Amino acid sequence: MPVREALDFLLAAARAVDGVEDVDTLAANGRVLACDQVSGLNVPSADNTQMDGYAVRAADCANGSATLRIAQRIPAGTVGQPLEPGTAARIFTGALIPEGADAVVMQEQCEANGDQVTIKHVPQSGEWIRRAGEDIVAGAVILPAGTRLRSQELGLAASVGLARLPVRRRVRVAVFFTGDELAMPGEPLAPGAIYNSNRFTLRGLLENLGCEISDYGIVPDSLQATRDTLRAAAAEHDLIITSGGVSVGEEDHIKPAVEAEGRLNMWQIAVKPGKPLAFGEVHREGAGSAFFLGLPGNPVSSFITFLLFVRPFLLRLQGVTGAMAPKAIPLRADFDWTKPDRRNEFLRARVNDAGGLDLFPNQGSGVLTSTVWADGLIDNPPGQAIAKGDIVRFIPFASLQY
């Protein structure tokens, strides 16, 4: 299945988890809003100054060198008196504009001497004044349902006094890893054994997305052990993610195990690296089912298929709305790629000092160093050769991992 078609298929199947939690706004980073958030006030609440300077009547300063009496001083957080004609108010950033004033002259354009100030500027009415409601009008939706909250959204919520926010509950994800050859760091490596790097990569990616994770560890290479773990994981989780065992070898038990415990809806994507990606459902005892996503065992394949397919699927489960396809940046290739694959390739590359892209020399699916060296992925269409100077689609890792 082509990459975009596979992603559309996954997103069409995803359904947002039920359950809403009311959390402190300070603790809502990374969560997803369950309903629209409406401002109960104007921001700013009243006209105020953008600058330190002097509040004046513009008509009093029309000659470009008016000397006015400083009648009052208005720090932020205080309310001044109405401004009389022929006077100025010393005012500080954020302070409310006094009644009668219609402009602020920044202090660099003024010369104070005792209780008088000379305005060396001809201000226009409204100059350096932030009008009430120019940012937010009371009653406006400031954050729609389905918004994944970042630091700026939290600041916006706080700016209108929202101390708590209704968010979707966290997605519950079970993970396990198949392969009798797998060992954990700290254990001695037997002949033919490898350390289970995917456990650390996938758990880190899931933590970045704010999931509740249950780690079932390394499952023996047997059909019965795989079925037992799938059944246990389905009981209390929204999604099961596995790594390894999704190919077609005699020791690859994921596909028959899922088919025995549920159903497989999609298997194999026209993507390199990462072709053996499986998607389906595992039935729960009684009723319902947990979604299933089986990732390849090769570490780069597992990493890239998570970014391209699992991440958007998880965001949809969390209730995030809007487009999910990764956003690509057009950048110049500073390399030649003369032997393209018939599948959609995702090449590890990084931005050089000249603003172009350098390619990691070994694009193998087991070369995990390429994911650390690179800044992101080049989305290269099937059969597309790349010549130095061509413009390619570059997807930064920074837009894919959080």
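Residues numbered from 1 in each chain as written. Predicted model: local features only at pLDDT ≥ 70, side-chain atom pairs only at ≥ 80, totals over all residues. Heavy atoms only, no water.

**Q** Hey, could you run me through the packing of aromatic side chains in this one?
**A** The relation between two aromatic rings is expressed through the spacing of the ring centres and the mutual angle of the planes. This model, assessed by the stated rule, comprises 6 aromatic pairs. Judged by centre distance (5.1 Å) and plane angle (90 degrees), the rings of Phe 291 and Phe 313 are edge-to-face. One end of the pair, Phe 291, is in strand β21 (residues 289-295); the other, Phe 313, is in helix α6 (residues 299-317), and 22 residues separate them in sequence. In this structure, Phe 291 and Phe 313 share a single accessibility class: buried. Aromatic rings pair up to connect Phe 9, Phe 279, Phe 291 and Phe 313 into one cluster. Taking NZ or CZ as reference, Arg 90 lies 5.1 Å from the ring centre of Tyr 54, over its face. A cation over a ring is seen here: Lys 255 above Trp 267, with NZ or CZ 4.7 Å from the ring centre. (Phe/Tyr/Trp six-rings, centres within 6.5 Å; stacked < 30°, edge-to-face > 60°. Helix = DSSP H or I, 4+ residues; strand = E, 2+ residues; numbered from the N terminus. Buried < 20%, exposed > 50% of the residue type's maximum accessible area, 1.4 Å probe, protein only. Lys NZ or Arg CZ within 6 Å of the ring centre and 35° of its normal.)

**Q** Can you help me understand the sheet that holds strand β17 (residues 239-243) in this one?
**A** In sheet architecture, strand pairing relies on hydrogen bonds along the backbone and comes in two forms, parallel and antiparallel. Taking strand neighbours across the sheet as the criterion, the 6 strands line up as β16-β13-β17-β21-β20-β18 in an open arrangement whose pairing is mixed. The open sheet has two edge strands, β16 (212-219) and β18 (262-267), and neither has a second partner. Averaged over all adjacent pairs, the angle separating strand axes in this sheet is 20 degrees, with direction ignored. Pairing analysis gives 5 bridges linking strand β13 (residues 172-178) to β17, with the strands arranged parallel. Note on β17: the bridge partner recorded for Val 175 is Ile 241. Helix α3 (residues 197-208) contacts β13, β16, β17 and β21 of the sheet and is inclined by roughly 170 degrees relative to β16. Against the sheet, α6 contacts β13, β17, β20 (278-283) and β21, and its axis sits at roughly 160 degrees relative to β21. (Pairing = 2+ DSSP bridges. Axes fitted to C-alpha atoms, helices over the stretch in contact; angles between N-to-C directions. Contact = heavy atoms within 4.5 Å.)

**Q** Explanation requested: helix α2 (residues 151-159) in the structure shown.
**A** Each α-helix winds once per 3.6 residues, and so residues spaced three or four apart point in a common direction. Along α2, the positions that sit buried rather than exposed are Glu 153, Leu 154 and Ala 157. Take α2 and look down its axis: the buried residues cluster within an arc of 100 degrees, on one side only. Each element contacted by the buried residues of α2 is listed here: β11 (141-143) and β12 (164-168). Note on α2: the residue one or two positions beyond its end, Gly 161, has a positive phi of about 85 degrees. (Arc of directions from axis to C-beta.)

**Q** Just checking my understanding: could you explain the sheet that holds strand β9 (residues 116-119) for this structure?
**A** The sheet built from 6 strands is open, its strands ordered β7-β4-β6-β5-β9-β8 with mixed pairing. Each end of this open sheet is capped by a strand with a single partner; those strands are β7 (103-106) and β8 (110-113). Taken pair by pair, the neighbouring strands of this sheet meet at an average axis angle of 35 degrees, ignoring direction. Sheet analysis places strand β5 (residues 66-74) next to strand β6 (residues 87-91), joined by 5 bridges and oriented parallel. Bridge assignment links Ile 70 to a residue of β6, and that residue is Ala 88.

**Q** Before we go on, may I ask you to explain the domain arrangement of the protein chain in this structure?
**A** Often, the extent of an interface is quoted as the loss of accessible area on bringing the components together. The assigned domain composition of the protein chain is domain 1 (3-16 + 169-318), domain 2 (20-43 + 134-168), domain 3 (48-130) and domain 4 (329-399). Placing the centre of domain 1 and that of domain 2 at their C-alpha centroids yields a distance of 33 Å. On the side of domain 2, 6 residues touch domain 1, which itself brings 7 residues to the contact. Summed over both sides, the interface of domain 1 with domain 2 buries roughly 640 Å², with 42% coming from carbon and sulfur. On the domain 1 side of the contact with domain 2, Arg 169, Arg 170 and Gln 318 bury the most area, a combined 69% of that side's loss. (Domains from an automatic or database assignment. Buried area = accessible area lost by both parts, 1.4 Å probe.)

**Q** I tried to follow the side chain of Ser 39 on my own but got confused; where do I start?
**A** Of note, Ser 39 is situated in the loop between β2 (37-38) and β3 (48-49). With a relative accessible area of 2%, Ser 39 lands in the buried category. Not counting chain neighbours up to four residues away, the residues in contact with Ser 39 comprise Ile 136, Val 137, Ala 138, Gly 139, Ala 140, Ile 142 and Val 160.

**Q** I'm lost on the packing of α3 against α6 in this one. Help?
**A** The description of two packed helices rests on the angle between their axes and on the distance between the axes. For the pair α3 and α6, the least separation of the axes is 11 Å and the interaxial angle reads 25 degrees. Relative to α6, the element α3 is oriented roughly parallel. Handedness of the crossing formed by α3 with α6: right-handed. Between α3 and α6, the residues in contact are Ser 197, Asn 198, Thr 201, Leu 202, Leu 205 and Leu 206 and Pro 299, Ser 302, Phe 303, Phe 306, Leu 307 and Leu 314, respectively. (Parallel < 35°, antiparallel > 145°, perpendicular 65-115°, else oblique. Left-handed = near helix turned anticlockwise from the far one by under 90°.)

**Q** Explain the packing of helix α4 (residues 223-234) against helix α5 (residues 254-261) to me, please; I cannot follow it from the model alone.
**A** One can describe the packing of α4 onto α5 by two numbers: an axis separation of 9 Å at closest approach and a directional angle of 50 degrees. When the axis of α4 is compared with that of α5, the two are oblique. As for how α4 packs across α5, the hand of that crossing is right-handed. Contacts between α4 and α5 pair Leu 223, Thr 226, Arg 227, Leu 230 and Arg 231 from the former with Ile 254, Pro 256, Ala 257, Val 258, Ala 260 and Glu 261 from the latter. Tallied by class, residues from the contact of α4 with α5 come to 7 nonpolar, 1 polar and 3 charged. (Nonpolar A, V, L, I, M, F, W, Y, C, P; charged D, E, K, R; others polar.)

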